[in-house]
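# Fold and geometry: a report
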Amino acid sequence: MSRAEPAEFVVDRQVWTSYRPFLDLGSVGVVLGGLLAAVTGPLALPMGSWAAAYLVLVVGVGQIVLAGGQAFVGGSDLASWRVWSEVMAWNLGSGIVLVGGRPGIPVVVAVGGLVLLAALVLFATAVRGGGAAVGLYRFFTLFLAASVAVGVGLSAVRHG
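Residues numbered from 1 in each chain as written. Predicted model: local features only at pLDDT ≥ 70, side-chain atom pairs only at ≥ 80, totals over all residues. Heavy atoms only, no water.

### Some thoughts on the overall build of the protein chain
To keep it simple, the criterion reads: Numbering of helices and strands runs from the N terminus; a helix is a DSSP stretch of H or I covering at least four residues, while a strand is a stretch of E covering at least two. Categorising residues by exposure relies on relative accessible area from a 1.4 Å probe, with only protein chains included: less than 20% of the type maximum marks a residue as buried, more than 50% marks it as exposed, and the intermediate range marks it as partly exposed. Residues count as neighbours in contact if any of their non-hydrogen atoms are within 4.5 Å of one another. The Shrake-Rupley method, run with a 1.4 Å probe, gives the accessible areas here. Residue values count only the displayed protein chains as cover.
Each helix and strand counted, the protein chain has 6 helices and 0 strands in total. Ordered by position from the N terminus, the helices and strands of the protein chain form the series α-α-α-α-α-α. For the protein chain, the residues scored as buried account for 36% of the 160 residues in total. The long-range share in the protein chain, meaning contacts at least 24 apart out of those at least 6 apart in sequence, stands at 73%. Counting only carbon and sulfur atoms, one obtains 72% of the accessible surface of the protein chain, whose full area is about 9200 Å².

So, in structure tokens, the structure goes:
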């Protein structure tokens, strides 16, 4: 009785290389978020735990999952201009949200949210075809878009 070998998911090395900026910046976000979390309590940083969670979950994990999913689902036909546009929009939008969230300026958070939504449109439209993996990827981008809207709304309610 032989066991079936598990399916092997292979992504071309060149594709992974093109997504390296996402992986690098996402990893930096996770590390910075962890460091901020470590000093938030001792330094009594207001909004420190929020900023730490944002760095880890949005700048770090969100970015890595978006890039990894696109590399797996999208394939190597993606133009480098799109990848760099996604990198720039995701990180610029995240930076704007962090700048506006710390002092509680909802309009700045909203501008950052719009930039993040533009990045998510780029991510969602980059993948082609059908199938469960593409559907799951698009669902994840939709989930993140809803999370952006909720975050902007909470910022307006709390600080507006």
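### So, the packing of aromatic side chains
Worth spelling out the cut-off: Any Phe, Tyr or Trp ring, taking Trp's six-membered ring, that has another such ring centre within 6.5 Å forms a pair; planes under 30 degrees apart are called stacked, those over 60 apart edge-to-face, and the others tilted.
Taken as a whole, this structure holds 4 aromatic pairs when the rule is applied. Measuring from centroid to centroid gives 5.6 Å for Phe-22 and Phe-123, while their planes differ by 50°, and the two rings are tilted. Of this pair, Phe-22 sits in helix α2 (residues 20–43) while Phe-123 sits in helix α5 (residues 106–126); the two residues are 101 residues apart in sequence, bridging distant segments of the chain. Classification of Phe-22 by relative accessible area gives buried; the value is 0%.

### Section: α2
What counts here: Helix span, expected: 1.5 Å multiplied by one less than the number of residues in the helix.
A rise of 1.5 Å per residue sets the reference length of α2, with its 24 residues, at 34 Å; its end C-alpha atoms lie 34 Å apart and thus fit the reference within 8%. Among the residues of α2, those classed as buried are Pro-21, Phe-22, Gly-26, Gly-29, Gly-33 and Thr-40. Looking at the buried positions of α2, the neighbouring elements they touch are α1 (13–18), α3 (48–74), α4 (80–101) and α5. Ala-44 occupies a position one or two residues after α2 and carries a positive phi of about 50°.

### Topic: the packing of α3 against α5
Describing two packed helices takes the angle between their axes plus the distance from one axis to the other. Stated precisely, the cut-off is as follows: A fitted line through C-alpha atoms represents every axis, and for helices the fit uses only the stretch in contact; the resulting angles, taken between N-to-C directions, go from 0 to 180 degrees. The labels follow the angle: roughly parallel below 35 degrees, roughly antiparallel above 145, roughly perpendicular from 65 to 115, and oblique for the rest. Definitions for this section: a left-handed crossing has its near helix turned counterclockwise from the far helix by less than a right angle. A right-handed crossing has that turn clockwise. Basically, the charged four are Asp, Glu, Lys and Arg, the nonpolar ten are Ala, Val, Leu, Ile, Met, Phe, Trp, Tyr, Cys and Pro, and anything else, Gly included, counts as polar.
At their nearest, the axes of α3 and α5 sit 10 Å apart, and the two run at 20° to each other. On the basis of their axis angle, the class for α3 and α5 is roughly parallel. Note that α3 runs across α5; the crossing there is left-handed. Of the residues in α5, those touching α3 at Tyr-54, Leu-66, Ala-67 and Gln-70 are Leu-116, Leu-120, Phe-123 and Ala-126. Of the residues assigned to the contact of α3 with α5, the class counts are 7 nonpolar, 1 polar and no charged.

### As for the UniProt feature "transmembrane region" (unreviewed entry) in the protein chain
Filter applied, for reference: UniProt positions are given in the numbering used here, feature names are shortened, and annotations may be inferred rather than shown by experiment.
When the UniProt feature table is mapped to this numbering, "transmembrane region" (unreviewed entry) covers residues 25–45, 52–73, 107–127 and 139–157. Between the end C-alpha atoms of residues 25–45 there is a gap of 24 Å, over a span that is 90% helix and 0% strand. Segment residues 107–127 splits into 95% helix and 0% strand. End C-alpha atoms: 31 Å apart.

### Some words on α5
With 21 residues, α5 ought to run about 30 Å at 1.5 Å a step, and its terminal C-alpha atoms sit 30 Å apart, in line with that. Where α5 is concerned, the buried positions are Pro-106, Val-109, Gly-112, Gly-113, Leu-116, Ala-119, Leu-120, Leu-122, Phe-123, Ala-124 and Ala-126. At its buried positions, α5 is contacted by α2, α3, α4 and α6 (132–159).

### So, the nonpolar core
Basically, it comes down to this: The set of buried Ala, Val, Leu, Ile, Met, Phe, Trp, Tyr and Cys residues whose side-chain atoms join them within 4.5 Å is what this entry labels a nonpolar core.
Counting 27 residues, the largest nonpolar core has Tyr-19, Phe-22, Leu-66, Trp-90 and Phe-123 as the members making the most contacts within it. Those elements that place two or more of their residues in this core are α3, α4, α5 and α6. Beyond its immediate sequence surroundings of up to four residues, Phe-22 is in contact with Gln-63, Ile-64, Ala-67, Val-83, Glu-86, Val-87 and Phe-123.

### A closer look at the pattern of salt bridges
Just so we agree on the cut-off: Salt bridges are counted wherever a side-chain nitrogen of Lys or Arg sits within 4 Å of a carboxyl oxygen of Asp or Glu.
What the rule picks out here adds up to 1 salt bridge. The partner of Arg-20 in a salt bridge is Asp-24, and the shortest N-O contact between them spans 3.1 Å. A residue pair is termed a helical-turn pair when its members lie 3 or 4 positions apart in one helix, as Arg-20 and Asp-24 do in helix α2 at 4 residues.

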